[in-house]
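# Working through the structure, step by step
So the chains spell out like this:
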Amino acid sequence: MHTLELTVNGQTCRVEVGLKTTLLEVLRDKLYITSPKVGCNTGDCGTCSVLLDGVLVRSCITNALSVQGKSVTTLEGITEPGDIHPLQKAFHEHYGSQCGFCTPGMILASKALLDVNPSPTRDEVKQALSGNLCRCTGYVKIIDSVLAAADEMKS
Amino acid sequence: MKKIGKGIAAGFYPSGMSGGGDSSQAMVKVQPDGSAVVTVGSCDIGQGCKTIMAQITAEVLGIDYEAVKVVNDDTDNCPLSFGTFASRVTYVDGLATKMAAEDARRILFEIAAVMLECSEDVLEAVDSQIRVKGNPDKSLSIGEVAGAGTFGMRKFILGLGHYMRDPAAMDPETCECDPFCTLAWAASFAEVEVDTETGEVEILRLVNSYDVGKAMNPTHLEGQIDGGATMGVGAAMSENLHPFFPSLEFQPDNLGDYAIPTTMDVPDMESVIYECPSTNGPYGAKGIGEMTANTPGPAIVNAIHDAVGIWITNLPATPEKVLRALDAKGA
């Protein structure tokens, strides 16, 4: 076993991990942070997405020891506890979520986009979310939600 | 060369089990503060069961949507339901919930009639009040009625509902029967561009229209139509469980191989909602959950035929199949 030290949602954590442990396993099984979901576990669906030093990564195919000393943000950490992020508000208002399984990954992928491009076009949103699968919504209302959040965050 | 074509497909779909006999029960309990708890056995898989049951209860009891809580998370404890399938929840559970809410409202009226010294049948439940029709001054808040009924009169304000369509009887001579609760109708319109050199098909536009009876929640409805249409697009264009059928080898075993549509594969979509009420659904509603995936595929196949004159009879319409069909046609 090896000691992994990382910052998760602003808090420093130390956990014991094996050589093959993934970041997703650390988050869910060791730290009990359950917004990153176990979808395909092969890096294809995007529902395990988290931000690693601000960059969108798939935690199911990210080796835990490779994030030594880095900072991870999950859905729980994008606002202060009790607050709601404009993206969360927009997903709620525009029905950007049906069963909700893809939603944490969708919101983090959207945040990663808006952090670098606050005024995306519809096509840019599509491109940014193309690695996150959703089986319920047909994506239309997810894209609507992201564009609405971008508008709100600008004003 | 790129060629453009247009196609249409239409369909219909029953709400609930064809042949009847599927059952749903519901309980609506009005709390002493006038809020309500609905308990049903059908789960919410994202289609909006909780939302619709809360809307129906709020409508019947005349209270705010926010004052209704829906419990449907454990079939051990919830009333009987055959389940979430067959586009049946809004229709069958909706009817059971409406009956249960009306039953709870009847008990509220019994209590209010004593308090207001009037007959039960002149009362109505609106704006979180129980009041005498045509005489809004003679009213009580629903919380006052529920509180006085619960603690003063020892009432249990619990309404029960059970909807089950009788199994359809069949005439042994003619086989005639009436198997459906109601039928919802649909049509999809697709415009595609076919590249005759590569066989690639791009969907330029997809319009899906549904007769939903009554749009209980138009935003949810659009979401469900978009989602179903995207499944239809996937079935038509990319999803394949057995690429070498009848050999079952090489079947996809993860989401990287089984190619469901991504944001980049979904065309611009438009939903057209048409309301032709069913005679017996809750507020005229029909179920459209499953049928939303049915018409986009054939509309796309028809559009491919319109564009280049080939029939794709085995989905998905991959570039390889399109090219082989074009070859066979001698184009």
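Residues numbered from 1 in each chain as written. Chains lettered and ligands numbered in written order. Predicted model: local features only at pLDDT ≥ 70, side-chain atom pairs only at ≥ 80, totals over all residues. Heavy atoms only, no water.

### Let's talk about the pattern of salt bridges
- Per the stated rule, a full pass over the model turns up 19 salt bridges over all chains.
- Between A:Asp144 and A:Arg122 there is a salt bridge; the shortest N-O distance is 3.0 Å. Placement of A:Asp144 in helix H5 (residues 140–154) and of A:Arg122 in helix H4 (residues 122–128) is noted, with a sequence separation of 22 residues between them.
- Of the residues examined, A:Asp144 reaches a relative accessible area of 26% and is grouped as partly exposed.
- By relative accessible area, A:Arg122 is classed as partly exposed at 32%.
- Note that A:Asp151 is salt-bridged to A:Lys154, the shortest N-O span being 3.6 Å. Here A:Asp151 pairs with A:Lys154, and both are found in helix H5, just 3 residues apart, close to one helical turn.
- Connected via shared salt-bridge partners are B:Asp103, B:Arg106, B:Glu110 and B:Lys155. (Salt bridge = Lys/Arg side-chain N within 4 Å of Asp/Glu carboxyl O. Helix = DSSP H or I, 4+ residues; strand = E, 2+ residues; numbered from the N terminus. Buried < 20%, exposed > 50% of the residue type's maximum accessible area, 1.4 Å probe, protein only.)

### Describing the nonpolar core
- Core analysis: the biggest nonpolar cluster contains 54 residues, and A:Met106, B:Val192, B:Val194, B:Ile300, B:Ile304 and B:Ile310 have the highest contact counts within it.
- Looking at this core element by element, the count peaks at 7 residues for helix H3 (residues 103–116) of chain A.
- Listed in part, the 45 residues of the second largest apolar core include B:Ala58, B:Leu61, B:Ala125 and B:Ile142. (Core = buried A, V, L, I, M, F, W, Y, C linked by side-chain atoms within 4.5 Å.)

### Remarks on the sheet that holds strand E11 (residues 268–274) of chain B
Residues and elements named next belong to chain B.
- Spatially, E1-E9-E10-E11 is the arrangement adopted by the 4 strands of the open sheet, whose pairing is mixed. With one partner strand each, in any of the chains shown, strand E1 (2–14) and E11 form the two edges of the open sheet. Each adjacent strand pair in this sheet contributes to an overall mean axis angle of 15°, direction not counted.
- The strands that helix H4 (residues 218–237) touches are strand E10 (201–211) and E11; relative to E11, the one it contacts most, it runs at about 130°. (Pairing = 2+ DSSP bridges. Axes fitted to C-alpha atoms, helices over the stretch in contact; angles between N-to-C directions. Contact = heavy atoms within 4.5 Å.)

### Comments concerning the interface of chain A and chain B
- The interface of chain A with chain B comprises 20 residues on the first partner and 25 residues on the second.
- Between chain A and chain B, a total of about 2000 Å² is buried, with carbon and sulfur atoms accounting for 61% of that surface.
- Inspection of the region where chain A meets chain B yields 2 salt bridges.
- Linking A:Arg135 and B:Glu239 is a salt bridge whose minimum nitrogen-to-oxygen distance equals 2.8 Å.
- Inspection of the region where chain A meets chain B yields 9 residue pairs in polar contact (both at pLDDT 80 or more).
- Counting residues per element, the ones that place at least two in the side of chain A that touches chain B are H4 and H5 of chain A.
- For the side of chain A that touches chain B, the class distribution of residues is 10 nonpolar, 6 polar and 4 charged. (Buried area = accessible area lost by both parts, 1.4 Å probe. Polar contact = N/O pair within 3.5 Å; in protein donor to acceptor, adjacent residues only side chain to side chain. Nonpolar A, V, L, I, M, F, W, Y, C, P; charged D, E, K, R; others polar.)

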